[in-house]
Amino acid sequence: AQSDKNLYKAFKNSDKFINFGSGAFFHNRWKNYDYPGQSKYYKSIQGLEGQDFFSIDLCSNNLSIPEDDVSIKLIYCSHTLEHIDYSSSIRFLKECFRILKKGGVMRIALPNTKNDFYLLKCLISQSSAIEDIKENYLRDVVSHILADTQKLNIKEIHELLAITGQNSAQFFYEVTKKYSDFAKFNKSNPERHINYWDFENLISTTSNIGFSSCIPCYRGSS
């Protein structure tokens, strides 16, 4: 389609694009990498290994993306970093920096958990709000940061929120200090959220690795 061609008119036909954590994304200009699906649903949308996507374990201690240095023009990584542990995230981002061409772009999409916590604070500050709505919203918000918070009772979650001043980053660190397994990758359940990112720590991390800039954008605004 012409609209599709317009998206890529600034690029050469030889430019290479990679999508990590590709899921159900398919485009003939992009090479997909993903962790092999474990659930029936994820397998059904992921396609065939070696054809629709290439298998990769981003939590491998010996991670080496099978692409040449400075060979990739664009990297897309949507809702993947929150599924891998912090050390693995650093290794992965370093590998992405290695394979990116000078002037190349890596786009990362992450859950906006900091904003979720702000909305949660607005909700629970209202004594008139319906309690079951508060509880359901609370469980949903904290599970976006750590999926295993579903194992905690509502009283403990409220206590952790109080200790951390309803700060999303502090909540993550306090919970994982108490329950370290919540932040560990489980190969049989790779869909869990086990890591926390916001603009501040992403900017700091990518800057330390060597990326020239990290430009925050809301969905649809880039």
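Details of the structure are given in the entry above.
Residues numbered from 1 in each chain as written. Predicted model: local features only at pLDDT ≥ 70, side-chain atom pairs only at ≥ 80, totals over all residues. Heavy atoms only, no water.

Computed from the structure, the largest pocket encloses a volume of approximately 1,400 Å³. For the largest pocket, the lining is made up of 38 residues, of which Arg107, Ile108, Ala109, Ile215 and Cys217 are closest to its centre. Elements represented by at least two residues in the lining of the largest pocket include exactly strand E4 (72-78), strand E5 (100-109), helix H4 (113-124) and helix H8 (199-209). A total of ten residues in the lining of the largest pocket trace back to one element, the largest contributor, which is E5. Tallied by class, residues from the lining of the largest pocket come to 18 nonpolar, 13 polar and seven charged. Approximately 410 Å³ is the volume attributed to the second largest pocket. Surrounding the second largest pocket, 24 residues form its lining, Asp34, Tyr42, His79, His83 and Pro190 being those nearest its centre. Of all the secondary-structure elements, those providing two or more residues to the lining of the second largest pocket are strand E2 (30-34) and helix H2 (40-46). (1 Å grid on protein atoms, 1.4 Å probe; cavity = no way out; pocket = protein on both sides within 12 Å on 5 of 7 lines; lining within 4 Å. Points joined across faces, edges and corners; volume = space filled by probe spheres on them. Helix = DSSP H or I, 4+ residues; strand = E, 2+ residues; numbered from the N terminus. Nonpolar A, V, L, I, M, F, W, Y, C, P; charged D, E, K, R; others polar.)

Before going further, it helps to examine unusual backbone geometry. Although it is not a glycine, Val70 adopts a positive phi angle of roughly 40 degrees. Among the secondary structure elements, Val70 is positioned in the loop between strand E3 (54-55) and E4. Relative accessible area serves as the criterion here: at 53%, Val70 is assigned to the exposed category. Despite not being glycine, Gln166 shows a phi value in the positive range, around 55 degrees. (Buried < 20%, exposed > 50% of the residue type's maximum accessible area, 1.4 Å probe, protein only.)

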